[in-house]
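Chain by chain, the residues run as shown.
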Number of protein chains: 2
Amino acid sequence: MRTDETGGDPAARPRAGTGARTVGIKQVAERAGVSPGTVSNVLNRPERVAAATRERVERAIRDLGFVRNGSASTLRAGHSSTLGLLVLDLANPFFTDVARGVEETAGERGYAVILATSADSAERQARNIRVLAEQRVRGVLLTPVGDEAERADMLRERGVPVVLLDHPTPRASQCSVSVDDVAGGELAVRRLLDGGARDVAYVTGPASLRQCADRRRGALRALRAAGLGRDALRELTMPAMNPRAGHEAGQRLLADDRPLPDAVFCANDLLALGVMRALLAAGVKIPQDVALIGYDDIEFSAAAAVPLCSVRQPTYQLGRIATELLLEECDDPSGHAHQQVMFQPELVVRESSGGSA
Amino acid sequence: MRTDETGGDPAARPRAGTGARTVGIKQVAERAGVSPGTVSNVLNRPERVAAATRERVERAIRDLGFVRNGSASTLRAGHSSTLGLLVLDLANPFFTDVARGVEETAGERGYAVILATSADSAERQARNIRVLAEQRVRGVLLTPVGDEAERADMLRERGVPVVLLDHPTPRASQCSVSVDDVAGGELAVRRLLDGGARDVAYVTGPASLRQCADRRRGALRALRAAGLGRDALRELTMPAMNPRAGHEAGQRLLADDRPLPDAVFCANDLLALGVMRALLAAGVKIPQDVALIGYDDIEFSAAAAVPLCSVRQPTYQLGRIATELLLEECDDPSGHAHQQVMFQPELVVRESSGGSA
DNA sequence: GAACGGGGTTGACACGTTTTAATCGCTCGG
DNA sequence: CCGAGCGATTAAAACGTGTCAACCCCGTTC
């Protein structure tokens, strides 16, 4: 682990300021008394080079502090050893968990990850896809904004594998990894109905987000199963999905002419925490007056004022599996069979949803 | 915003499967009837090329769906238009907020960001620095693990500007942007003492983290100012700084032979939320039995079971300023004057710290 | 009318690596 | 003792872009 192995040649390291041109494969070759090609072999197919030479080269690499130039490498190879990860919102712990799974899996295989955020904006997504295309990333993990998944076709046409993350696709031409959001929505609302609720509110983000739309469908399905019409669902569509927007939604519920709903289902925990704060501040009791369920089961939900009942998704696994599929496709584009993986969510019962029934 | 401007030539776009070799500056040049050099000029110094030709070239670019090859560009130019951002822990909202500031600022200036996580591990930090060096990033924003800031010297020696993030440095040879953690710790503990506490616990992460050490120093300073010795501070050093570790710490306090402390100061909000959960679960009243203060004022703290009193840092600003300094140095390495910026934290008073005094 | 000047454009080379075909030095079987 | 064969190494040709000096064309000046 020590790094001071420079050996007897202190002048070897490149100096900071002037002089000491960048050290490349060429300088290493010269110092080791071999040709540049051999150095390249040491780096990429060590088994093809004799032990003695390899050692000499490795020594020279250390002495000179050589670091391979990724651009040149990428240029020559036609693709980099970098993956792109484009998520909707970094501020949402759901995505950072996914990112953790991606980063670790990629790291194990020697890939770096370029992480970028769409911030729910199709324009930013397009810009980021462009950047990734320029960087000639090896593959891309994409959480598409709305139905803009087609943007990714630009990448696939260029031969860049794309795996859709948290977004199922009917198309057999690509991989996708997702969680059944319809089932999740149904799970949540069924729980609320079982607790006796009849007037349910759904606090959600932009309808263009598939996640929101699917969870809503699940909610409606649960209502139908209970013999209720879709007008039993009071919908509040917010422009963002953060606690602030949730707080705003909560205040809107309070200000409404109608009485408060029996229960509130939020499209994610961030919204739910905001709603909770607004309601509690107004003296509303949770779950006695209003039951509340969120989605994602982020780490903070358990520690909320009233522990938040939520729908858990296998986030880390999501990132890991998606990355494995992507790398599999990268390694063998032709022999790769596309898969549409769909996980099932799980209800995490906590106080906010009421009676333990 | 529409993208279907392809014009009258549907055969122009590269086909998906076979054929249609990668389209480069050369193909664009041919189609536009100019030389590759001119295309390059259109891309990099549009003002140098006549309006008519430029338009023709831009048309060809759209028709062919050309995307500049970043690797070739980087190789030739000697540096990329990518910044590296190396943070301690993506799961901590503090860092995602910083990252947001970085990404937006960089994006405005046309830079992409490679985001990587050290996960508090010096080894992973070293690996990531190496990757960034290989990618020939233009500059690096680094939140060093412990005192491992020297690792960054490898980058600076290579001519890659480095700005230390959330880490002050005495060295005038580089920029740093940070928040006064000693002051923050003092702020927090003074508040607890003002509330009447005499027996204070400090729940912290690895002592190797500068943030933890500095906040501790601030805490001790506040104690001293109140005429108390350092033995008035009961310290619990946890291996991680997440809610789980906090919960563990809370249970340890409960299991201790000694009575519960009057107050607990946590090195960050994640720990504090964990401690809170453990204490509340055991029937301990906050703040009546034990007062509690966290650090970072993450978004979820306000919505906690007992709204969490915390020390706020200007996270987004931190990221923004750091990026601006970095880009300034990138643009003009010689004319750049290094700065050590230090923000002051701010106490956000909430219920968990007790009496509104 | 010739020299001059300047904006626009071109051509060719360089960037650092990977890769392929060719070369070198040896050993071994005939 | 010679040639085949083999492993290790090398020389050279790409990869796609940026840059810079040279060049061309056309209008201006003396």
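This write-up is about the structure you can find in this document. All of these numbers come straight from a predicted model, not from anything done at the bench. (Residues numbered from 1 in each chain as written. Chains lettered and ligands numbered in written order. Predicted model: local features only at pLDDT ≥ 70, side-chain atom pairs only at ≥ 80, totals over all residues. Heavy atoms only, no water.)

Quick look at the protein's contact with DNA strand C
Defined as follows: Nearness of a residue to a molecule or strand requires only that one of the residue's heavy atoms be within 4 Å of it. For the purposes of these results, a polar contact is taken to be a pair of N or O atoms within 3.5 Å, where, inside protein, one atom must be able to donate a hydrogen and its partner to accept one; residues adjacent in sequence count only when each atom of the pair is a side-chain atom. Put simply, DSSP marks the helices as runs of H or I at least four residues long and the strands as runs of E at least two long, and each gets a number from the N terminus on. Each residue receives one of three labels: charged for Asp, Glu, Lys and Arg, nonpolar for Ala, Val, Leu, Ile, Met, Phe, Trp, Tyr, Cys and Pro, and polar for the others, Gly being one of them.
Near DNA strand C you find 22 residues, and of these A:Ile25, A:Arg76, B:Thr38, B:Thr53 and B:Arg76 are the closest. Each atom of DNA strand C within 4 Å of the protein belongs either to a base or to sugar and phosphate, the latter forming 70%. Separating a base oxygen of DNA strand C from a side-chain N or O atom of A:Arg76 is a distance of 2.7 Å. Within the residue set of the surface near DNA strand C, elements represented by two or more residues are helix H2 (36–44) and helix H4 (70–77) of chain A together with helix H2 (36–44) and helix H4 (70–77) of chain B. Taken together, the residues of the surface near DNA strand C sort by class into seven nonpolar, eleven polar and four charged.

Digging into the packing of aromatic side chains
Put simply, the rule reads: Only the six-membered ring of Trp is used, alongside the rings of Phe and Tyr, when aromatic pairs are assigned; centres must lie within 6.5 Å, and planes under 30 degrees apart are stacked while those over 60 apart are edge-to-face, with the rest tilted. Note on exposure labels: buried denotes an accessible area under 20% of the residue type's maximum, exposed denotes more than 50%, and partly exposed covers the range between, all computed with a 1.4 Å probe on protein chains only. A positively charged side chain is recorded as over a ring if its NZ (Lys) or CZ (Arg) lies within 6 Å of the ring centre. The angle to the ring normal must also be within 35 degrees.
One pass over the full model with this rule turns up seven aromatic pairs over all chains. Here A:Tyr202 and A:Phe265 contribute two aromatic rings whose centre-to-centre distance is 5.3 Å and whose plane-to-plane angle is 25°, an arrangement assigned as stacked. Pair noted here: A:Tyr202 is in strand E6 (residues 200–204) and A:Phe265 is in strand E8 (residues 263–266), with a separation of 63 residues, a long-range link. With respect to class, A:Tyr202 is no different from A:Phe265; both count as buried. Ring centres 6.4 Å apart and planes at 45° place the aromatic pair B:Phe265 and B:Tyr295 in the tilted group. Note that B:Phe265 is positioned in strand E8 (residues 263–266) and B:Tyr295 in the loop between strand E9 (291–293) and strand E10 (310–312), a separation of 30 residues in sequence. On the basis of relative accessibility, which here comes to 0%, the residue B:Tyr295 falls in the buried class. Here the guanidinium or amino end of A:Arg215 rests over the ring plane of A:Tyr295, the centre of that ring lying 3.7 Å away.

Concerning the protein's contact with DNA strand D
Among the 21 residues in the neighbourhood of DNA strand D, the closest are listed as A:Thr38, A:Thr53, A:Arg76, B:Ile25 and B:Arg76. A share of 69% is what sugar and phosphate atoms reach among the atoms of DNA strand D within 4 Å of the protein. Note that a phosphate oxygen of DNA strand D is positioned 2.6 Å from one of the side-chain N or O atoms of A:Thr53. Note that a phosphate oxygen of DNA strand D is positioned 3.1 Å from one of the side-chain N or O atoms of B:Thr22. Of the residues belonging to the surface near DNA strand D, the class tally is seven nonpolar, ten polar and four charged.

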